[in-house]
Amino acid sequence: RARHERTRHVRYEPGQDEQHQRRLMLARDLGAAVEQDQLTMVYQPKVMAASGEVMGLEALMRWQHPTFGFVPPDEFIALAEQSGRITLLTQWMLRTVCRQIDQWAQQGEPLCVAVNLSAHDVMDATLPERIHLLLQDYQLGPERLRLEVTESALIQDPTLAQGNLIALREAGLHIAVDDYGTGYSSLAQLKRLPVQELKIDKSFILKLDNDQEDRIIVHSTIELAHNLGLSVVAEGVETEASRLLLMSMGCDVLQGYLISRPLPLAQVIDWIRQYRE
Ligand code: C2E
Ligand code: CA
Ligand code: CA
Ligand code: CA
């Protein structure tokens, strides 16, 4: 029996150990990632559902690790939060995006870009000032940078988040609730926060064309959000059938592979110009 357990133990250990090793190494390398230019931003277009007009882009972070290769953001953002490196990453991301908005404007494309903030960022009392300084550095109006905060980050400590959000809102920034529907908040709760937009999580959108329940949830969410004065974005729009359904439900903005995958920097302007034709 002892032997049996030992065998099982030996067989089980390597996978877990590798996972653990990987996490340790990734967490260790996050600092170098910023310093050695291993991070990049990609940009996913968002379009108005009714007119098809490009309404902006969402900036998403990518990490090409020298030995592990591409590391998914869901993985390294969580590690950055746990290891306290998230402030460094977020600051790098905000500067990179603000500089890019400025460069696009100089090329005659004044675009609005939404960035993702983690729970830690939202509760960091220095956030509004840091954003203010960046907007000042690049001479950007506050409407050019939009903030996306997940539902779960918002309700983690609403009073702590609220001060920051109010300051940012007063400075003229637009705030969206990301991944709506995956947390346990109610719209009534969220509405007390200074948010203007709701992004319905892609898990409700992906199978919209063949799931009656998802259709009911999405439709009633859109109606309730509109009644509360919020605009609604659907992410994860992959099919024409979903797009048509969302349009008929009055959804304001669409984002997803049907419109475009997240684009590397070099392709953004070409995509926008081609899409307009
Ligand atoms: P998110 O903010 O909900 O971003 C949307 C994710 O859905 C992105 O994955 C995007 O590539 C993916 N997506 C977009 N359209 C479709 C579609 O039609 N179908 C499917 N299946 N997926 C679609 P990505 O880039 O892997 O990002 C994952 C998450 O990582 C983001 O979720 C966000 O929470 C986090 N993240 C990414 N960049 C940053 C960042 O700069 N800062 C922070 N704090 N988090 C970030
Ligand atoms: Ca987002
Ligand atoms: Ca989302
Ligand atoms: Ca997400």
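Residues numbered from 1 in each chain as written. Chains lettered and ligands numbered in written order. Predicted model: local features only at pLDDT ≥ 70, side-chain atom pairs only at ≥ 80, totals over all residues. Heavy atoms only, no water.

- As annotated in an unreviewed UniProt entry, the chain is cyclic-guanylate-specific phosphodiesterase from Kushneria indalinina DSM 14324.

**Here we look at the coordination of the calcium ion (ligand 3)**
Part 1 of the reasoning: Listed as protein donors to the calcium ion (ligand 3) are Asp-178 (OD), Asp-179 (OD), Glu-235 (OE) and Glu-235 (OE); their distances from the metal cover 2.2 to 2.5 Å.
Part 2 of the reasoning: All donors to the calcium ion (ligand 3) come from one chain, and their sequence spacing reads D-D-x55-E.
Part 3 of the reasoning: Note on Asp-179: relative accessible area 23%, which makes it partly exposed. (Donors = N, O, S within 2.8 Å, 3.2 Å for Na, K, Ca; no water. Buried < 20%, exposed > 50% of the residue type's maximum accessible area, 1.4 Å probe, protein only.)

**Overview of the coordination of the calcium ion (ligand 2)**
Part 1 of the reasoning: Within the protein, the calcium ion (ligand 2) binds to Glu-58 (OE), Asn-116 (OD1), Glu-148 (OE) and Asp-178 (OD); these donor distances fall in the range 2.2 to 2.3 Å.
Part 2 of the reasoning: Each donor residue of the calcium ion (ligand 2) belongs to the same chain, with the gaps between them written as E-x57-N-x31-E-x29-D.
Part 3 of the reasoning: Here the calcium ion (ligand 3) and the calcium ion (ligand 2) are spaced 4.1 Å from one another, each receiving a donor from Asp-178. Taken together, the residues span a long stretch of sequence, with Glu-58 in strand β2 (residues 54-65) and Asn-116 in strand β4 (residues 113-117) at a distance of 58 residues.
Part 4 of the reasoning: For Glu-58, a relative accessible area of 4% puts it in the buried group.
Part 5 of the reasoning: By relative accessible area, Asn-116 is classed as partly exposed at 26%. (Helix = DSSP H or I, 4+ residues; strand = E, 2+ residues; numbered from the N terminus.)

**Considerations on the layout of surface pockets**
Part 1 of the reasoning: The space that makes up the largest pocket amounts to roughly 1100 Å³.
Part 2 of the reasoning: Lining the largest pocket are 42 residues, and of these Glu-58, Leu-60, Pro-73, Asp-74 and Asn-116 sit closest to its centre.
Part 3 of the reasoning: Among the residues making up the lining of the largest pocket, the classes are represented as 17 nonpolar, 11 polar and 14 charged. (1 Å grid on protein atoms, 1.4 Å probe; cavity = no way out; pocket = protein on both sides within 12 Å on 5 of 7 lines; lining within 4 Å. Points joined across faces, edges and corners; volume = space filled by probe spheres on them. Nonpolar A, V, L, I, M, F, W, Y, C, P; charged D, E, K, R; others polar.)

**Quick word on the pairing of β4**
Part 1 of the reasoning: Of all the 5 residues making up β4, 4 are buried; the element is thus mostly covered by neighbouring parts of the structure.
Part 2 of the reasoning: In this structure, β2 lies alongside β4, joined through 2 bridges in parallel fashion. Bridging from a neighbouring strand, Glu-58 pairs with Ala-114 of β4. (Pairing = 2+ DSSP bridges.)

**Section: the site of ligand 1**
Part 1 of the reasoning: Close to ligand 1 lie 23 residues; Met-61, Arg-62, Asn-116, Glu-238 and Tyr-257 are nearest.
Part 2 of the reasoning: Asp-74 is positioned such that a nitrogen or oxygen atom in its side chain is 3.4 Å from an oxygen atom of ligand 1.
Part 3 of the reasoning: Within the side chain of Glu-238, one N or O atom sits 2.5 Å away from a nitrogen atom of ligand 1.
Part 4 of the reasoning: Protein coverage of the free-state accessible area of ligand 1, which is 800 Å², stands at 87%.
Part 5 of the reasoning: The cavity where ligand 1 resides is the largest pocket.
Part 6 of the reasoning: Counting residues per element, the ones that place at least two in the shell around ligand 1 are β2, α2 (73-83), β4 and β6 (174-180).
Part 7 of the reasoning: At 4 residues, β2 tops the list of elements feeding residues into the shell around ligand 1. (Near = heavy atom within 4 Å. Polar contact = N/O pair within 3.5 Å; in protein donor to acceptor, adjacent residues only side chain to side chain. Areas by Shrake-Rupley, 256 points an atom, 1.4 Å probe, with all protein chains shown as cover. Sits in = over half its atoms within 2 Å of the grid points.)

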